[in-house]
Amino acid sequence: MQQSTHAHNLPAAAMVCAPAVVVNGVSTGLDIGLSNYSLMLITLSFYTMCKSTTPVFLLMFAFIWGIERCVAPGPQPANAPGHQRCILLSPAHAQPLVQS
């Protein structure tokens, strides 16, 4: 069986995923290109300060687009193994910062 490269012969899953892949690729390319260009116009410290706000905007758009759901206030069920791993590994991540 010979595979064709024409769009009308692609499987349905590829036709559904292709627009998402293209949008993500173009967005990432623009992010990298414009970030590099902005370093010519602003200081590195201001650039770092602006880029540190990225998680806030990611979370905001995740709520807007319905990817992330708001959790109801109140007590949440405890996840003891996850909590223990978080507590135990936190100093390990900070160790390289302390030595430098």
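Since the model is a prediction, treat every value here as computed from it, not as a measurement.

1. Describing the confidence of the model for the protein chain
Here comes step 1: With 64% of its residues at a pLDDT of at least 70, the protein chain reaches an overall mean of 75.
Here comes step 2: Looking over the protein chain, one finds the lowest element-wise mean pLDDT in helix α4 (residues 80–99), namely 62, and the highest in helix α2 (residues 44–51), namely 87.

2. Remarks on the layout of surface pockets
Here comes step 1: Its boundaries defined by the atoms lining it, the largest pocket holds a volume of some 490 Å³.
Here comes step 2: Along its surface, the largest pocket is lined by Asn24, Ser27, Thr28, Asp31, Cys50, Lys51, Thr54, Phe57, Leu58, Phe61 and Trp65.
Here comes step 3: If you list the elements that add at least two residues to the lining of the largest pocket, you get α1 (12–38), α2 and α3 (54–64).
Here comes step 4: In terms of residue class, the lining of the largest pocket is built from five nonpolar, four polar and two charged.

3. Considering α1
Here comes step 1: For α1, spanning 27 residues, the distance from its first C-alpha to its last is 40 Å, which sits close to the expected 39 Å at 1.5 Å a residue.
Here comes step 2: At alanine 18, α1 is deflected by roughly 30°, the largest bend along its length, and proline proline 19 occurs up to four residues later in sequence.

Basis of the calculations
Residues numbered from 1 in each chain as written. Predicted model: local features only at pLDDT ≥ 70, side-chain atom pairs only at ≥ 80, totals over all residues. Heavy atoms only, no water. pLDDT = per-residue confidence, 0-100. Helix = DSSP H or I, 4+ residues; strand = E, 2+ residues; numbered from the N terminus. 1 Å grid on protein atoms, 1.4 Å probe; cavity = no way out; pocket = protein on both sides within 12 Å on 5 of 7 lines; lining within 4 Å. Points joined across faces, edges and corners; volume = space filled by probe spheres on them. Nonpolar A, V, L, I, M, F, W, Y, C, P; charged D, E, K, R; others polar. Expected span 1.5 Å × (residues − 1). Bend = angle between axes of the 7 residues up to and from the residue.

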